[in-house]
Structures are given as structure tokens and as C-alpha cells.
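Residue-level structure breakdown
Below, each chain spelled out in residue letters.
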Amino acid sequence: MEEKRFFLSNKSLADDFNLLITALNASSTSIILTDNQQPDNPIIFCNKAFEVMTGYTRNEIIGRNCRFLQGNDRQQEGRFRIKEAVEKGESITVELRNYRKNGSQFWNELYMSPIRNQNNQITHFIGVQNDITSRKKIEAELHSEREMLEKRVHERTLNLKASEEYQRSIVETVRESLMVLGQDIKVISANEFFYKTFRVSPKETVSKSLYELGNGQWNIPSLRYLLEKVLPNNNPFENFEVEHDFPNIGKKIMVLNARRIDVEGNYKNRILLAIEDISERRQADIRKDDFLSVASHELKTPLTTVKGYIQMLEIMIPARQDQKLFEITHKADNYINKLSGLITDLLDVSKLRAGKLELSKKPFDFDAMISSCVETVQAGTKSHTIDVTGQTEITFDGDENRIEQVMTNLLTNAIKYSPDATRVAVHLNVINEFVKVTVTDFGLGINEEDQKKIFERFYRVGSIQKDFPGMGIGLYVCEQIVKSHNGSLWVESEEGKGATFSFTLPYLFNNQNQNDAEI
Ligand code: ADP
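Before going into details, it helps to say that this report is about the structure given with it. (Residues numbered from 1 in each chain as written. Predicted model: local features only at pLDDT ≥ 70, side-chain atom pairs only at ≥ 80, totals over all residues. Heavy atoms only, no water.)

Right, let's get into the overall build of the protein. In terms of helices and strands, the protein carries 14 helices and 19 strands. For 519 residues, the compact-globule estimate of 2.2 N^0.38 gives 24 Å, and the protein exceeds it by more than 25% at 50 Å. Along the first, second and third principal axes, the C-alpha set of the protein runs to 165 × 60 × 50 Å. The contacts in the protein between residues at least 6 apart in sequence include a share of 54% that link residues at least 24 apart. With the model as given, the accessible surface of the protein reaches about 31,900 Å², and the carbon-plus-sulfur share is 52%. Once the 66 positive and 74 negative side-chain charges of the protein are each reduced to a mean point, those two points are 7 Å apart. (Helix = DSSP H or I, 4+ residues; strand = E, 2+ residues; numbered from the N terminus. Rg over C-alpha atoms; globule rule 2.2 N^0.38 Å. Contact = heavy atoms within 4.5 Å. Areas by Shrake-Rupley, 256 points an atom, 1.4 Å probe, with all protein chains shown as cover. Lys, Arg positive; Asp, Glu negative; His and termini not counted. Charge placed at Lys NZ, Arg CZ, Asp CG, Glu CD.)

So this is what it looks like as C-alpha cells:
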């Protein structure tokens, strides 16, 4: 036995023992020894670091089983693993929740190993322990941060999926063909409506250049120019009309709108192309125009006959003999004139639509035409005074009746739509090679949105429709007449503050085809 002892020094065994104890006490790692041969495996040695870590003094530690550090927190996984290792006589490393003398919790990383005697019986256990509370805290924080991050990623993914689904359902629901084009105008994707309308499959479409689709049906020079030259500088382009005879579906009239797609502030050569098929709408428009033309012609003929009979009656009634009858026929004649005026307006629209409104251009005194027109309208109203200022002193070469029609329309509108006002102002002047006429009223005015639409045929401002009679074609006809003289007509207005309609006409415009021109 003696020979086998390992001496640390050449002094006595007691010296060696003291040296070992001093060394263990100098260690910053907590170390304990338990005696497995005594009941309940008590602690028989602890170093200084163990006292510091637990807050207990040596006197309070020696003789106790290690579990006193766990307090009532007994249901710990580590504890069961220790039990198992002790039974099997194996070494083990576990992490335990332990409690200091003052009750505060700390995490203890315990390495436990059996010590055997010469007969290979376990006599003791050594426990080497470290306070890993800070490490555990960081680990816990990292864990919760990772969990939070995962949760956020999950939520974002769900949101993204939902918004993708939302966008996809919009794209697939719209009754308009949509395409996304990429580099070199190649199709990246198209919606179902596109495939249905043009009777093509995704296989025939995706990754192909727009221009080579089908029989090269989209290889239209003006479309190429718009997509390649105009769109890069003018985003978006709108309402480009295309007519094409397609092999599968026949002739189509389409309106194209294109927009470069901004991806994170970068255009990345993506273009959204929307194709609206307006063929049916066009057909319906044509049918409406045809109806308008037939209806107004059919109404005009009997009306002209009725007017003839009324005039005959007026002649046949001896003057002043039957005053009542005379008044009735006179009123009837007035109403027939009104009706005839409305039908003439409708006829004008249908002629304009067919490009058959005839102009009879010859020189006339512009100021005199305006004066006569103002006089006629003034005669028909007691509520308003029409003030005229300025003059042009121009002999204008154009269709006098048609320009008078424009002026009459603007004046009657000015009176009609200013029921509470008493004045309408007309101003004439010459600017460079143009005569300019402005008609200002102090009535209802027109909001900005409606200002863009009132020159469309049959458009009437919704809010006042009920209170004022009309068909919504006067301004449409006026604009076409002014345009046919190479002029322009526009409105400036603020709702509730009246409106100013102005038109300019070039009096030096080219003299070709001046007479009996068609528009
Ligand atoms: P109509 O007067 O028969 O409705 P118009 O084509 O002459 O048809 O005018 C179109 C619409 O423009 C009118 O219905 C009215 O809503 C609006 N409008 C025209 N002139 C004026 C005006 N001077 N002030 C306010 N609104 C006007």
C-alpha cells in the first residue's frame, strides 16, 4: 500500500494533504466530495469557492446531502439524471437550478464523477460546479429573441402569402387582360383573362417576346415605339388604341395602357401592360349612333309637316277675328320650333359622329354676328342682362351659322345655369392671329372633375340634372364646330362661383377647302 502512494513532496503525508486542501481552496471552481458509504451520501468536503457560490459556510454544508441546494424545486430533469448516474456509477454533467442561502436562484453546472477504491467500489463522489447563471441568462435571451424572430418571420410570411393571394385574386378577377413584360419586352406573366380573350396558352406566351406572340400580331410599329421609346421617359402611357385582325378571334379594337413597375425604387425593366377589349362597346356605340340618326330623321319629317299645317292655320285665321285661336296657333308654332331645335341638335350629333356635318364657310363681320346673336338671346330673357365689351373688327372666314350656334349655346347655358344672377358678361378681343370670345356667368359653376367631361356628348352634371332641362349635347357640338375651324373651346370655373367659357378661332388659318367643308 505504502509503495503505491504518490507523494507530492518529500515531506510528510500531512504536508501533502495540506497542500492539496490549499490548492482546492485556491480554485475558483466549486468542488465538493460526498461519502457514498455513509447514509444519504453526505458532503464531507467543500472548498472556499463552493461557500462563495452558495452563500453557506462550511459548517452549514458538511454533513448535508447535496439536494439542500435545490430547495423545494425538486422536479428538475437534472436531478433524475444524477440519480440514474449514481445508480449506474457513471460520471455526468448536468445543469441544475440551485438556491443560495439568501434564497436567490442560480444555475449550477455540475460535473459529478464517482471515486472508486481498490476493490472498484464507489466510495465517494466528487462534484465540480460552476455558476452559469449569466451564461444561462444570455442563452435564454438569445432563445427568446430567436423565437420572436421566428414568430415575426412566420407572421411576415403569412402576411406576404395573404397579400400575394389578395393581389392574385384581383389580377385574376379583373375583366381586362394584364401582362407583365420584362427585359426585351418578354412576357413574364399574363392573367387568365388574357389567355381566355386571345385563346392562347401560357406555354405559347410566357418567356416569349410580345412581338413574336401568335403571328406577330403585337408587332405594331407604333406600339413598339411607345413601349421602347416613349414609356422609358413618360411613365405611364394611357389609352393607346389598336385595331387588329387576330387569327383565332377575328377583329378586335383594344385600348392599351402601360406602366413601368417600380420595384423598391427601381424600375428593373418591368412593364405592366393592360389590354382592354372595346370592340363590343364600339359596336354598341355604332348602333346607338345609327339609332340616333334614324330617330332624328324620322322625327324631323312629320314635324316639318305639322309646322307647315300650323303656318297654314295662322294664315287661314282672319287677323284679330279670333284672338284666342290665333294665340293658340302661335304658341303651338313656338313649341314646334323648340322641338325642331332639339331634333336639329340630335341630327347635328349624328352627323358629327358620321363625320358629315357640313360647313359652309364664307367671310362675315365677326362683331356683327356676335351682336346679333346677343340681341336674339337677350330678347328671350328678362332675368339677365348681357353686357358686351371689346371688339375684334375682323372679317372672319368661316361658317357664320355654326359659329352663331356656338355663341347662342354658350349664352343660353350661361343664363340657364345662373338662375340667381342678373348678368352675363361677353368679351371680344384679338390675340395674335386669333379672335377670342369669353362668356362669363355668375351662377352654379362646375367642379374640376366635371369640367373634364362636359364636352362629351350626353354628359350632364349629375347634381343639377333634375332642375335644368337639357340633353347634354350642346357643348359637344360647340367644341366640334370650334375644332372644325381649327380653334379651341375651354372652360374655367369654380363650383358655386360661376363659369367662363372661352373660344379662340384663328382668322388667318389656311384657305384650302374653306367652302362647303365637311367635319
Ligand atoms: P345641356 O345644357 O343641354 O345639359 P350642354 O352640353 O350645353 O348640355 O352642357 C353640358 C353640361 O355642362 C350641362 O348639363 C351642365 O351640367 C354643364 N354646364 C354647361 N354650361 C354651364 C354653365 N354655364 N354653368 C354651369 N354648368 C354648365
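Contacts to the ligand come from 20 residues, most closely from N413, Y417, D441, R460 and L475. A distance of 2.7 Å separates an oxygen atom of the ligand from a polar atom in the side chain of Y417. Taking D441, its side chain carries an N or O atom lying 2.8 Å from a nitrogen atom of the ligand. Notes on the ligand: free accessible area 530 Å², of which the protein chains cover 97%. (Near = heavy atom within 4 Å. Polar contact = N/O pair within 3.5 Å; in protein donor to acceptor, adjacent residues only side chain to side chain.)

Rolled over the atoms, a probe with the dimensions of a water molecule shows which regions are left empty. Under the definition given, this model contains one cavity of 30 Å³ or more. What lines the largest cavity is F194, F198, V200, E204, T205, L213, G214, Q217 and W218. When residues of the lining of the largest cavity are traced back to their parent elements, those giving at least two are helix 6 (192-198) and helix 7 (202-205). The residue makeup of the lining of the largest cavity, split by class, is five nonpolar, three polar and one charged. (1 Å grid on protein atoms, 1.4 Å probe; cavity = no way out; pocket = protein on both sides within 12 Å on 5 of 7 lines; lining within 4 Å. Points joined across faces, edges and corners; volume = space filled by probe spheres on them. Nonpolar A, V, L, I, M, F, W, Y, C, P; charged D, E, K, R; others polar.)

With that settled, consider the pairing of strand 6 (residues 177-181). Burial analysis of strand 6 places five of its five residues in the buried class, which makes it a mostly covered element. Here strand 6 shows two buried faces, one formed by S177, M179 and L181 and the other by L178 and V180. Relative to strand 10 (residues 271-277), strand 6 runs antiparallel, the two being bridged by five bridges. Bridge pairing in strand 10 places L178 opposite A274. Alignment of strand 6 against strand 7 (residues 187-190), held across three bridges, turns out to be antiparallel. Its bridge partner being in strand 7, M179 is matched across the sheet by A190. (Buried < 20%, exposed > 50% of the residue type's maximum accessible area, 1.4 Å probe, protein only. Pairing = 2+ DSSP bridges.)

Tallied over the full model, the rule gives zero disulfides. We note that C46 lacks a disulfide partner, and the nearest cysteine sulfur, in C66, lies 10 Å from it. A disulfide-free cysteine, C478 has its sulfur positioned 10 Å from the sulfur of C373, the nearest such atom. (Disulfide = S-S within 2.5 Å.)

It is worth spelling out the sheet that holds strand 2 (residues 43-46) at this point. One open sheet holds the five strands; their spatial order is 2-1-5-4-3, and the pairing between them is antiparallel. Of all strands in the sheet, those with a lone pairing partner are strand 2 and strand 3 (92-99), marking the two edges. Between one strand and the next, the sheet's axes are offset by a mean angle of 30°, whatever the strand orientation. Here six bridges tie strand 1 (residues 30-35) to strand 5 (residues 122-131), and the two strands are oriented antiparallel to one another. (Axes fitted to C-alpha atoms, helices over the stretch in contact; angles between N-to-C directions.)

Here we take up the nonpolar core. Note that soluble globular proteins tend to have their nonpolar side chains buried in a common cluster. Judged by nonpolar contacts, the single largest core of 45 residues is most densely connected at F366, M407, L411, F501 and F503. Contributing elements (two or more residues each) for this core: helix 10 (323-353), helix 11 (366-379), helix 12 (400-416), strand 15 (423-431), strand 16 (434-441), helix 14 (474-484), strand 17 (488-493) and strand 18 (499-506). With seven residues, helix 12 is the largest single contributor of residues to this core. Non-local contacts of L411, meaning those with residues more than four positions away in its chain, are made with C373, V374, V377, I386, V424, V426 and V439. V187, L227, F240 and F246 belong to the second-largest nonpolar core, a separate cluster that totals 29 residues. (Core = buried A, V, L, I, M, F, W, Y, C linked by side-chain atoms within 4.5 Å.)

We now examine the sheet that holds strand 9 (residues 250-260). Spatially, 7-6-10-9-8 is the arrangement adopted by the five strands of the open sheet, whose pairing is antiparallel. Every interior strand has two partners, whereas the edge strands, strand 7 and strand 8 (237-246), have only one. Recorded for the sheet is a direction-independent mean angle of 25° between the axes of neighbouring strands. As paired strands, strand 9 and strand 10 are joined by seven bridges and run antiparallel to one another. Along strand 10, the bridge assignment pairs M254 with D277.

One can find K288 in helix 9 (residues 279-316). Measuring from C-alpha to C-alpha, the distance between K288 and K307 comes to 28 Å, with 19 residues separating the pair along the chain.

Bringing helix 4 (residues 77-88) into the picture now. Taking 1.5 Å as the rise per residue, helix 4 with 12 residues should run 16 Å; its terminal C-alpha atoms sit 17 Å apart, in good agreement. Among the residues of helix 4, those classed as buried are G78, I82 and A85. Seen along its axis, helix 4 keeps its buried residues to an arc of 65°; they face one direction. More than 90 degrees from the buried face of helix 4, the exposed residues found are E77, K83, E87 and K88. Among the residues trailing helix 4, G89 stands out with phi positive, at a value near 70°. (Expected span 1.5 Å × (residues − 1). Arc of directions from axis to C-beta.)

Right, let's talk about the environment of A425 for a bit. With respect to the helices and strands, A425 occurs in strand 15. The class for A425 is buried, based on a relative accessible area of 19%. Taking the C-alpha atoms as reference points, A425 and E400, 25 residues apart in sequence, are found 21 Å from one another. Excluding anything up to four places from it in sequence, A425 contacts D387, T438, V439, T440 and F442.

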